[in-house]
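Coordinate analysis (summary)
Below are the chains, spelled out letter by letter.
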Amino acid sequence: MRIYIAGHRGMVGSAILRRLQARQGAGAAEVITRTHAELDLTDQAAVRAFMQAERPDVVILAAAKVGGIHANNTYPADFIYENLMIECNVIHQAFAAGVRRLLQLGSSCIYPRAVAQPMREDALLTGVLEPTNEPYAVAKIAGIKLCESYNRQHGTDYRSVMPTNLYGPGDNFHPENSHVVPALIRRFHEAARAGAEEVVIWGSGLPRREFLHVEDMAEASLFVLDLPKADYEANTQPMLSHINIGSGSDVSILELATMVAQIAGYTGRIVTDPSKPDGTLRKLMDVERLGGLGWRAGIGLRDGLEQTYRWYLQQADQPRQ
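So, here's what we can say about the structure. (Residues numbered from 1 in each chain as written. Predicted model: local features only at pLDDT ≥ 70, side-chain atom pairs only at ≥ 80, totals over all residues. Heavy atoms only, no water.)

1. A few points about the overall build of the protein
- Regarding its fold elements, the protein presents 11 helices and 12 strands.
- Over its C-alpha trace the protein gives a radius of gyration of 20 Å, about what one expects of a compact globule, namely 20 Å for 321 residues.
- Expressed along its principal axes, the backbone C-alpha trace of the protein runs to roughly 60 × 45 × 40 Å.
- Relative to its full complement of 321 residues, the protein shows a buried share of 50%.
- A fraction of 82% describes how many contacts in the protein between residues 6 or more apart in sequence connect residues 24 or more apart.
- Here the protein carries 32 positive and 36 negative side-chain charges, and the mean point of each set is 2 Å from the other. (Helix = DSSP H or I, 4+ residues; strand = E, 2+ residues; numbered from the N terminus. Rg over C-alpha atoms; globule rule 2.2 N^0.38 Å. Buried < 20%, exposed > 50% of the residue type's maximum accessible area, 1.4 Å probe, protein only. Contact = heavy atoms within 4.5 Å. Lys, Arg positive; Asp, Glu negative; His and termini not counted. Charge placed at Lys NZ, Arg CZ, Asp CG, Glu CD.)

Now the structure itself:
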């Protein structure tokens, strides 16, 4: 079995790679990887040549251009173009190379802004998307529909999983273009070291978000990939085939910030800035479909944040410790 992981250096892709490499015995897979410098997934000809040369048995599409609210608002064209190109090239060229089984990783932002909570899989395409990340969401919806369309027309076994907000080792801690957990970890770490009296967080602090540790996400992804085709199809529909992956619980952004501050040793004030966008007021995934198949998250938020903070400290520049 030869498995190609697209995006093996990203947070999720690297976690999936670690789990595959840890598998022992005769059934262990040969894992194929390429860095961005070696293979630009937005280059159709390059992806075609790679797939034809390597002929993987399975493809895991974990590559994507990702970012938080600021990045999505600032670079909408980049987000929709690059993600559409990656999905179209990898999925189509995988099919052209005879790949019968593929797993595509999406995002919870595919669901409408005003949607019943927790968000069920059948909420897809039932309302208007959150404006701040609509281009990215449209691209991820297109990825689901690409997989479904190839399954319907060509009989492939292409599956999609939609994770909630992810965090953990390997995350992007850029001060402007990161997601909320790594952004808060860096901000409170630096504030604690500087002895800052207050830290300002974007928005009102009231929106609620669900978070899943990346190691749980990797485990769930391989769980779905390994499901017998009959089980997967029995729990999905041809035109509603994606499966949610989440922890099943959420916290407010202010509660999250308070937790991160405690872990980082910050004792100053936490101030909200309602002039900045909140995004969707609540995003909680309905994970009963996955639970019914036999998988549930195992890493609690506090434990996961503490682990992630330790990893961040190991990566941070020594003068800031």
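Still to come is the rest of the account.
2. Focus: helix 7 (residues 214–226)
- Taking 1.5 Å per residue, 13 residues should reach 18 Å; helix 7 reaches 18 Å between its end C-alpha atoms and fits that length.
- Helix 7 sits mainly inside the fold: 10 of its 13 residues count as buried. (Expected span 1.5 Å × (residues − 1).)

3. Observations concerning the environment of Leu 313
- Within the fold, Leu 313 resides in helix 11 (residues 301–315).
- In the structure, Leu 313 is positioned 49 residues away from Ala 264 in sequence and 9.9 Å away in space, judged by C-alpha atoms.

4. So, the pairing of strand 3 (residues 58–61)
- Burial of strand 3 is two-sided: the residues Val 58 and Ile 60 facing one way and the residues Val 59 and Leu 61 facing the other way are all buried.
- Across four bridges, strand 1 (residues 2–6) lies against strand 3 in parallel orientation. Counterpart to Ile 5 in the pairing with strand 3 is Ile 60.
- As defined by bridge partners, strand 3 adjoins strand 4 (residues 101–105) across four bridges and the pair is classed as parallel. Looking at the pairing, Val 58 lines up with Arg 101 of strand 4. (Pairing = 2+ DSSP bridges.)

5. Observations concerning the packing of aromatic side chains
- Inspection of the entire model under this criterion finds seven aromatic pairs.
- With 5.4 Å between their ring centres and 65° between their planes, Phe 95 and Tyr 150 make a pair best called edge-to-face. Remark: Tyr 150 occurs in helix 5 (residues 134–154) and Phe 95 occurs in helix 4 (residues 76–96); sequence separation between them is 55 residues.
- Among the aromatic residues, those joined into a ring-pair cluster are Phe 95, Tyr 150 and Tyr 158.
- In this structure, Lys 65 packs its charged tip against the face of Phe 79, placed 5.3 Å from the ring centre.
- In this structure, Arg 159 packs its charged tip against the face of Tyr 232, placed 4.6 Å from the ring centre. (Phe/Tyr/Trp six-rings, centres within 6.5 Å; stacked < 30°, edge-to-face > 60°. Lys NZ or Arg CZ within 6 Å of the ring centre and 35° of its normal.)

6. Here's the deal with the state of the cysteines
- Scanning the entire structure with this criterion turns up zero disulfides.
- Not engaged in a disulfide, the cysteine Cys 147 finds its nearest cysteine sulfur in Cys 88; these two sulfurs lie 11 Å apart. (Disulfide = S-S within 2.5 Å.)

7. Considerations on unusual backbone geometry
- Here the bond from Gln 117 into Pro 118 is cis, since omega is -5°, no more than 30 degrees from zero.
- Assignment of secondary structure puts Pro 118 in the loop between strand 4 and helix 5.
- Positioned with a positive phi, Arg 55 is a non-glycine residue whose angle comes to about 45°.
- By the element assignment, Arg 55 lies in the loop between helix 2 (44–54) and strand 3.
- The exposure class of Arg 55 is partly exposed, given its relative accessible area of 40%.

8. With respect to the packing of helix 6 (residues 180–194) against helix 11
- At a minimum axis separation of 11 Å, helix 6 and helix 11 run at an interaxial angle of 65°. For the element pair helix 6 and helix 11, the recorded crossing hand is right-handed. Contacts between helix 6 and helix 11 involve Val 181, Ile 185, Arg 186, His 189, Glu 190 and Arg 193 from the first element and Leu 305, Thr 308, Tyr 309, Tyr 312 and Leu 313 from the second.
- A per-class count over the contact of helix 6 with helix 11 returns six nonpolar, two polar and three charged. (Axes fitted to C-alpha atoms, helices over the stretch in contact; angles between N-to-C directions. Left-handed = near helix turned anticlockwise from the far one by under 90°. Nonpolar A, V, L, I, M, F, W, Y, C, P; charged D, E, K, R; others polar.)

It is worth stressing that arrangement in space is one thing and function is another; only the former is reported here.
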